Amino acid sequence: MTATPPAPLSARLGSFSSWSLSSLPSSSSLLARRPSIYSNEDRVVLDIGSRHCKVGFSGEPRPRKIITFGNFPDANRAEVNDALYDLDWMRTGRDIGAAETVLSETLQEVFFRYLLTDPKQRTVVLCESPMLPIRIKEIIANVLFHRLQVPALCFAPSHLLALLTTGESTGLVIDCGHLETTVLPIYFARPMMTAVQSTPLAGRAVTETLRNLLKTHARIIQSSSGMATSVAPRLIVPDHIWSNDLVEDIKTRCVIIPPHDVSTRASEIYYRLENDIGGGTLWIPGHVREEATTILFSGNEAEELQSISECILNCLLKVPTDLRRPLASSILVIGGTSMIPGFQDRLLREIYTSIQTNAKYKRIGGLEEYIGLMTDRGSGRIFSASCRTWIGGSLVGTLKMAGATIPREKFNGTVPDWTVVT
């Protein structure tokens, strides 16, 4: 019995003439986005805060771009501020036109540079904070509808979006961002606006405290070649060096909140300065790294500003008695400022201390053993605190669960305000 000879190579692989560029997938098909489960184009998700704007498509696990207001092209046209808007910006007389210009340029960058998509074919999901000024919402809607011609705009509460990423619908959400800290209880996916609490003690307060500490205690080391940094002369830092960008970067890299049971101080830090501001090395004492965040937990009695722990406990006092336990046991902390190392441990410690020492909170003393963070269990650990709201917007955009939607044809210059209690 003779063995069957193997088939020719051309028979097994096909003739060379059958291979052509037309048989290969095109570059456009390789880069094409998959449609959502509803076979529609994915929505654009925008999380516009006072300092940062997070953008991307629904169905994605993280934003495609995080834009910092003041650090993007043409930023010189805006005022010298570290935020897009202030809590009392209408009273202080800040230029509304400048804010609209900044938003218009930023959103054009979002669609045509970072997302590379036609805004006329994309519904937008806007993650909005309960304290976002109505005027800012109207400016955003005007830019999206009139300049970019988006077909529809959906508004979704930021605290609820963050909570949905945990797979639960009940919780006490604390958003500690740049401009303010907001505490909002949510019960079965319904925000309880009558109990909302807020304080301006947030990222900006830490930045200003850190700036003052650095002006007083930090020093510049101009070490010559061969001289050790520890013995080099230390000079007073000129005031013009303390720009918002520099202080923010030092806050991100160096600030910590030490554990309660550690008696040793934080170590000193040597921070390398860029050449465009004189070069050299910045010496930062350890106590400066620790004391910058003290204002978040101690409050400001002179200006009658309550601390974050007081906001949480005052919020629990306002909700019905039977809801206090499920809310206290499901605390979700979000926002960029909450990512400072040691923040959540210090927050829990301050809550326990306030319940035990302040007679005002005697009525909720029984909740002490039930207080717990959602980030310590289950799906609460998965996502970053700074991007959790955007991820919630990505989720509801994919599932078409967004709230009030305004089509472009029905936009009359006004926007819905879900924070109004009727």
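Above this note sits the structure.
Remember, predicted model here, so these are calculated numbers, not experimental data.

Bringing the layout of surface pockets into the picture now. Over the atoms rolls a probe the size of a water molecule, and its path tells where empty space is left. Approximately 1000 Å³ is the volume attributed to the largest pocket. Contributing to the lining of the largest pocket are 39 residues, with His-52, Gly-177, His-178, Gly-336 and Thr-337 lying nearest its centre. Considering each element in turn, the lining of the largest pocket owes the most residues, 5 residues, to helix H8 (residues 244-254). Of the residues assigned to the lining of the largest pocket, the class counts are 12 nonpolar, 17 polar and 10 charged.

The next subject is the packing of aromatic side chains. Summed over the entire model, instances satisfying the criterion amount to 3 aromatic pairs. Plain terms: the ring middles of Phe-145 and Phe-411 are 4.8 Å apart, the flat faces sit at 35° to each other, and that makes the pair tilted. You can see Phe-145 sitting in helix H5 (residues 134-147) and its partner Phe-411 sitting in the segment after strand E15 (405-407), a full 266 residues away along the chain. Judged by relative accessible area, Phe-411 falls into the buried class, the value being 12%. Judged by centre distance (5.6 Å) and plane angle (50°), the rings of Phe-297 and Phe-343 are tilted. Here Phe-343 lies in helix H13 (residues 343-357) and Phe-297 lies in helix H10 (residues 294-298), a separation of 46 residues in the sequence. Residues Phe-297 and Phe-343 agree in their burial class; the two are buried. The ring of Tyr-370 carries the charged tip of Arg-325 above its face, separated from the ring centre by 4.0 Å.

What counts as what
For every chain, the first residue of the written sequence is number 1, and numbering continues from 1 onward in sequence order. In keeping with the predicted nature of the model, local features appear solely for residues at pLDDT of at least 70, side-chain atom pairs appear and are counted solely at 80 or more, and the whole-chain, interface and lining totals rest on all residues. As a convention, hydrogens and water are excluded, and side-chain values are obtained from all of the structure's heavy atoms. Buried and open spaces are told apart on a 1 Å grid over the protein atoms alone, a cavity being a set of points where a 1.4 Å probe fits but cannot get out and a pocket being an open set with protein on both sides within 12 Å along at least five of seven lines. Residues with an atom within 4 Å of a point are the lining residues. Grid points are joined across faces, edges and corners, and a volume is the space filled by probe spheres set on the points. Under the scheme used here, helices are H or I runs from DSSP no shorter than 4 residues and strands are E runs no shorter than 2 residues, and both carry numbers assigned from the N terminus. Amino acids outside the nonpolar list (Ala, Val, Leu, Ile, Met, Phe, Trp, Tyr, Cys, Pro) and the charged list (Asp, Glu, Lys, Arg) are all regarded as polar, and Gly is one of them. What counts as a ring pair is set by centres within 6.5 Å for rings of Phe, Tyr and Trp (its six-membered ring), and what kind of pair is set by the plane angle: stacked under 30 degrees, edge-to-face over 60, tilted for all other angles. Note on exposure labels: buried denotes an accessible area under 20% of the residue type's maximum, exposed denotes more than 50%, and partly exposed covers the range between, all computed with a 1.4 Å probe on protein chains only. The rule for a charge over a ring is simple: NZ of Lys or CZ of Arg within 6 Å of the ring centre, and within 35 degrees of the ring normal.

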